[in-house]
Every structure is written in structure tokens, then in C-alpha cells.
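Now for the letters of each chain:
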Amino acid sequence: MIQNERELRHEQVLRIAMQMMTAARTAPKGKGIDIIEVALVTGEDLKVLSDRMVALAEEQGMKFFLRDADNILSAECVVLIGTREQPQGLNCGHCGYAVCGHRPEGVPCALNTIDVGIAIGSACATAADHRVDTRVMFSAGLAAQRMNWLEDCRQVFAIPVSASSKNPFFDRKPKEQVKA
């Protein structure tokens, strides 16, 4: 049997993305408390995510959302990593408030932020080990967050994954200016 890499690429990228999800899950967490959520976006949902990013570009005037929305359509899949909001009760002050109970609604616990960052790093390291192309995207993560794809998560980030002869997520041309 002869199998061409082009015919196997999609399934291979999906397997690597699943390994990225496992890496995110097993990444160290502050106080050992796991509040990370991870999901995989494939198929028609890539278009849904891209369309939401275009809408956010128009709504917020951030033109890089348009460029990133195009990039999502070049991905085989997208890994989403987010964190639920849960103060860790250390009263460490790293969030800017001396006592966790004084932290206003919407100000993230610094440990939650660190946890999602470490999970992203672990996922991207796994991708690098397998030589697939990725880029961490705040824009796609925000679109997924607004659609509540990771239920009740804040600080959602997206990692599009591709295996092509050139990384589609770098050397990107800016899109037209969003008209306000």
C-alpha cells in the first residue's frame, strides 16, 4: 500500500491537536486546582468562528481580527484553551488587590491567568515537537469566549493548527481598515 502524505495530513493534524489538548490538561496548575477547559474546533465551526471574528472587527474596529479570521480558514483545526474564574484564596496581591475578597468582579485572579498561560505553552510545545504550525490568537479566543464555546470561561485563547509547506499564521498581510 502507498499512502500519500497529502491524503493523511488532516487526520494527522487532528491527532496532534488532541495531544496538544492533553498537554494543556496535564500542565501544572496553581494549588493543583484544575479550572482549565480545552476544546477542539473543526469542520464548519471554523467558518462560524471566522465569521464571529469578522463581526467583532466591525463591532470593535480592530482590523487585525479580519486578518486573523482569514487565518482561521487556513487552519485544519483550532484548539481552544480557557480558564474559569476562581480566586485561589492566597491573598497574594498579584492581581492588584491585597485580599481576594476585595477583587472586583471581572478582575481575573492572577493564578488563573498564569494557569491558562502555562497550558497554552504546553500545548504549543507539543505542536512544535510534532512540527505543525500554530499561532496563539487572542482574537479567535475572544470570539470563542463571546460564543461561550468553553462554558463560563474567561481568558480564552485559540491556537489554530496547520501542516502546510508555509506557516499561514506568520508573514501575514494586514486587511483593509474597518470602517467605523
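Scroll up to find the structure this text is about.
What comes next concerns the included structure. (Residues numbered from 1 in each chain as written. Predicted model: local features only at pLDDT ≥ 70, side-chain atom pairs only at ≥ 80, totals over all residues. Heavy atoms only, no water.)

## Here's the deal with unusual backbone geometry
Look at Arg131: it is not a glycine, yet its phi comes out positive at around 60°. Within the secondary structure, Arg131 sits in the loop between helix H4 (110-129) and strand E3 (133-134). (Helix = DSSP H or I, 4+ residues; strand = E, 2+ residues; numbered from the N terminus.)

## Description of the nonpolar core
Ranked by size, the top nonpolar core spans 23 residues in total, and within it Leu49, Met53, Ile72, Val78, Leu80 and Ala140 carry the most contacts. Elements supplying a minimum of two residues to this core: helix H2 (44-60), helix H3 (64-73), strand E2 (77-84), helix H5 (138-146) and strand E4 (153-162). A total of five residues in this core trace back to one element, the largest contributor, which is H2. The next biggest cluster of nonpolar side chains, apart from the first, holds 22 residues, and it includes Ala24, Ala27, Val79 and Ile120. (Core = buried A, V, L, I, M, F, W, Y, C linked by side-chain atoms within 4.5 Å. Buried < 20%, exposed > 50% of the residue type's maximum accessible area, 1.4 Å probe, protein only.)

## A short note on the packing of aromatic side chains
Applying the stated criterion to the full structure yields three aromatic pairs. Taking the centre distance of 6.0 Å and the plane angle of 85° together, the rings of Phe65 and Phe138 count as edge-to-face. Of this pair, Phe65 sits in helix H3 while Phe138 is found in helix H5, placing the two residues 73 residues apart along the sequence. Accessibility expressed as a relative area gives 0% for Phe65, which makes it buried. Under the relative-accessibility criterion, Phe138 is labelled partly exposed at 41%. An aromatic cluster is present here, built from Phe64, Phe65 and Phe138 joined pairwise through their rings. (Phe/Tyr/Trp six-rings, centres within 6.5 Å; stacked < 30°, edge-to-face > 60°.)

## Examining the side chain of Asn71
Mapped onto the elements of the fold, Asn71 is located in helix H3. A polar contact is formed between the side chain of Asn71 and the backbone oxygen of Pro168, at a distance of 3.0 Å. (Polar contact = N/O pair within 3.5 Å; in protein donor to acceptor, adjacent residues only side chain to side chain.)

## Re the packing of helix H1 (residues 5-26) against H4
The N-to-C vectors of H1 and H4 enclose an angle of 145°; their axes lie 7 Å apart at closest approach. In the crossing of H1 with H4, the sense of the turn from one axis to the other is right-handed. Touching Ile16, Gln19, Met20, Ala23 and Ala24 of H1 are Ala119, Ser122, Ala123, Thr126 and Ala127, all from H4. In terms of residue class, the contact of H1 with H4 is made up of seven nonpolar, three polar and no charged. (Axes fitted to C-alpha atoms, helices over the stretch in contact; angles between N-to-C directions. Left-handed = near helix turned anticlockwise from the far one by under 90°. Contact = heavy atoms within 4.5 Å. Nonpolar A, V, L, I, M, F, W, Y, C, P; charged D, E, K, R; others polar.)

## Here we look at the pairing of E2
A large share of E2 lies buried, amounting to seven of its eight residues. Pairing analysis gives six bridges linking strand E1 (residues 36-41) to E2, with the strands arranged antiparallel. In the sheet register, Glu37 faces E2, and the bridge partner there is Gly82. When E2 meets E4, the two strands line up antiparallel, connected through seven bridges. (Pairing = 2+ DSSP bridges.)

## As for the sheet that holds E4
Taken in spatial order, the four strands of this open sheet run E1-E2-E4-E3, and their pairing is antiparallel. Both outer strands of the open sheet, E1 and E3, are each paired with one neighbouring strand and no more. Where E3 lies against E4, two bridges are found, and the strand directions are antiparallel. Considered in E4, the bridge of Asp133 is made with Ser162. Its contacts with the sheet place H5 against E2 and E4, and it is angled at close to 125° to E4.

## Topic: the environment of Gly93
Along the polypeptide, Gly93 turns up in the loop between E2 and H4. Using a relative accessible area of 31% as the deciding quantity, one classes Gly93 as partly exposed. Residues Gly93 and Ala110, 17 residues apart in the sequence, show an inter-C-alpha distance of 8.6 Å.

## Considerations on H3
By the criterion of burial, H3 is predominantly enclosed, with seven of the 10 residues buried. Looking only at H3, the buried set comprises Phe65, Leu66, Arg67, Asp68, Ala69, Asn71 and Ile72. Residues of H3 that are buried sit in contact with H2, E2, H5 and E4.

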